[in-house]
Amino acid sequence: MSNGQLTGLVELSIDWTLTETPYLGRGGTMPSSEQLFQLYREEFDGAYELGTMFVLTLHPHVTGHRAPMRHLDRLVAYMKSKPGVWFATGEQIARYVANPDHSK
């Protein structure tokens with residue numbers, strides 16, 4: 001909304017702690033990608049319990065290496081094992097949020 005008028009814009013904000021950059025990027029403080037994905041799993045579990053969106057933002061030049069990718073595969077498999085989880089593109093989520101009648 002802008003000046004009391006609907007704009008049609010939907011913001012899907014990210015959380016800096018749900019990117020790998022502060023942990024595995026330059027100057028990162030987490031020595032193990034396994035620990036990072038344990039943190040992501042716990043964050044996902046919290047979002048799942050609350051029924052909220054979980055936006056994980058990853059960068060190929062950081063997570064695209066062998067060890068992080070192995071853990072990412074395990075995380076995705078874990079997430080898929082939960083009933084009702086919806087993997088969607090940003091566009092799909094924006095359309096869902098913008099449409100108050102989700103049956104359309």
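Here, the structure is the one placed above.
What counts as what
Residues numbered from 1 in each chain as written. Predicted model: local features only at pLDDT ≥ 70, side-chain atom pairs only at ≥ 80, totals over all residues. Heavy atoms only, no water. Helix = DSSP H or I, 4+ residues; strand = E, 2+ residues; numbered from the N terminus. Rg over C-alpha atoms; globule rule 2.2 N^0.38 Å. Buried < 20%, exposed > 50% of the residue type's maximum accessible area, 1.4 Å probe, protein only.

All right, on to the overall build of the chain then. Looking only at helices and strands, one finds five helices and zero strands in the chain. For the chain, the α and β elements follow one another from N to C terminus as α-α-α-α-α. In terms of overall size, the chain is more extended than a compact globule, its C-alpha atoms giving a radius of gyration of 16 Å where 104 residues would be expected to give roughly 13 Å. Dimensions of the chain, computed from the C-alpha atoms along their principal axes, are close to 45 × 35 × 20 Å. Relative to its 104 residues, the chain shows a buried fraction of 24%.

Quick look at unusual backbone geometry now. Phi is positive for Asn3, close to 55°, though the residue is something other than glycine. The residue Asn3 is located in the segment before helix H1 (21-24) in this model. Residue classification places Asn3 among the exposed positions, given a relative accessible area of 79%.

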